[in-house]
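Here's the letter readout for the chains.
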Amino acid sequence: MVKKKLAVIGKDVSKSISPQIHKFIASRLNLEMEYDKISIPESEFEGSIDALLQAYSGVNVTIPYKLAVIPRLKKVEGDAKTFGAVNTVNCKNLTGYNTDGLGFMLMLKNSGVEVSKKEVLVIGAGGAGRSVAKKLFDAGATVSVYDRNAESAKTVAEEFGVTALSSLTDKPYFLIVNASGVGMHKTEGISPVGECLLSLCEVAADLIYTPPKSEFLRLAERAGKKIINGKAMLFYQAYYADCIFFGLKPDENQAKKLFTEFCEVEE
């Protein structure tokens, strides 16, 4: 098999564990790859992205370039077209994909969480929130989206048929998803919602994977709720991306087995 030259690109990927994940998957599936981390200041993105897309077999794209990369591509497929955001690029044919939604839904499934006919609250209407809201809606959930920028939530509601909330009230939801990014980096130790609201849900899922237990999850756990950290989503979206890069057919059971092994190795 031909060795692939891959990378993750974003504004600051210095702490990203994407290389560890992709290299682990490659080692288990006998794939040949080298995987780099490339941080690009926003002022340099326009001047450097085309050369990077030529230099690599494929790239994973993270904050804040999931939309900015699209004009440099020849086409977008599947969820990338639906969400208007790309996290995976096959550089050979300049085609963009989005595996975030698939990764999120497999995380829920493998955590034993079924959302059909359940009320769900998504906090955050950015790229991640958009993909999560649409996937939950498609799975039969009743979805409400809240964002501090009310217009962002309204846009998601108009596009995907979910409900936009201009404010939060303490009412019961089956699942609350933190897709806002609040709780990591400079906001570590802060939860986007209060303990009272979390005490009314059954499951709290955070897309953040570091810290392992965000304040959002800590408050939910203290209230006796099931909590899900975003590490599984990160792993699964990487797995789906590698399937695209290497032309493999995704297998949910294989993905689950690989994630279990990855966690055991990391401990």
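Because the structure is a prediction, the values reported are computed rather than measured.

1. Some words on the packing of helix α4 (residues 100–110) against helix α9 (residues 231–246)
Following both chains from N to C, one finds α4 and α9 inclined at 125 degrees, their axes separated by 7 Å at the closest point. Taken together, the axis directions place α4 and α9 in an arrangement best described as oblique. For the pair α4 and α9, the sense of crossing is right-handed. Residue-level contacts link Asp100, Leu102, Gly103, Phe104, Leu106, Met107 and Asn110 of α4 to Ala232, Met233, Tyr236, Gln237 and Tyr240 of α9. For the contact of α4 with α9, a count of residues per class yields 8 nonpolar, 3 polar and 1 charged.

2. Considerations on the pairing of strand β1 (residues 4–10)
The buried count for β1 comes to 5 of 7 residues, which makes it a mostly enclosed element. Judged from the 7 bridges that link them, β1 and strand β2 (residues 33–39) form a sheet pairing that is parallel. Within β2, the residue paired with Leu6 across the bridge is Tyr35. Running through helix α1 (residues 18–29), the crossover from β1 to the neighbouring parallel element β2 is right-handed. Here β1 pairs with strand β3 (residues 58–61) via 4 bridges, running parallel. Counted as the bridge partner of Ala7 is Val59 from β3.

3. Regarding the sheet that holds β2
Spatially, the 6 strands line up as an open sheet ordered β2-β1-β3-β5-β6-β4, and their pairing is mixed. Looking along the sheet, the strands with just one partner apiece sit at the ends: β2 and β4 (75–76). Its contacts with the sheet place helix α2 (residues 42–55) against β1, β2, β3 and β5 (88–90), and it is angled at close to 155 degrees to β1.

4. So, unusual backbone geometry
The residue after Ile63, namely Pro64, is reached through a cis peptide bond having omega 5 degrees. Looking at where Pro64 falls in the secondary structure, it is placed in the loop between β3 and β4. Between Thr210 and Pro211 the backbone carries a cis peptide bond, its omega angle lying at 5 degrees. Secondary-structure assignment places Pro211 in the loop between β11 (203–206) and α8 (215–222). Within the chain, Asn30 stands out as a residue other than glycine whose phi angle is a positive 55 degrees. Looking at where Asn30 falls in the secondary structure, it is placed in the loop between α1 and β2. Phi angles above zero are rare outside glycine, and Leu94 is one such case at about 50 degrees. Turning to its location among the elements, Leu94 is positioned in the loop between β5 and β6 (95–97).

What counts, and where the lines are drawn
- Here the residue numbering is sequential within each chain, running from 1 through the sequence in written order.
- Only residues with pLDDT of 70 or above have their local features reported here, since the model is predicted, and side-chain atom pairs are shown and tallied only from 80 upward, although totals for entire chains, interfaces and linings are computed over all residues.
- The basis for the side-chain values is all heavy atoms of the structure; hydrogens and waters are excluded.
- Inter-axis angles, ranging from 0 to 180 degrees, are taken between N-to-C directions of lines fitted to C-alpha atoms, where helices are fitted over the stretch in contact.
- Comment: elements are numbered from the N terminus, with helices defined as DSSP H or I runs of at least four residues and strands as E runs of at least two.
- Between 65 and 115 degrees an angle is taken as roughly perpendicular, under 35 as roughly parallel, over 145 as roughly antiparallel, and anywhere else as oblique.
- Each helix crossing is assigned a hand: it is left-handed if the near helix lies turned anticlockwise from the far helix by less than a right angle, otherwise right-handed if that turn is clockwise.
- Whether two residues touch is decided by their heavy atoms; if any such pair falls within 4.5 Å, the residues are in contact.
- Ten residues, namely Ala, Val, Leu, Ile, Met, Phe, Trp, Tyr, Cys and Pro, are considered nonpolar, four, namely Asp, Glu, Lys and Arg, are considered charged, and the remaining ones, Gly among them, are considered polar.
- To sort residues, take the accessible area from a 1.4 Å probe on protein chains only and compare it with the maximum for the residue type: under 20% means buried, over 50% means exposed, and anything in between is partly exposed.
- Pairing between two strands is assigned when DSSP locates at least 2 bridges connecting them.
- When the strands point away from the viewer, a crossover counts as right-handed if the route from the first strand across the helix to the second turns clockwise.

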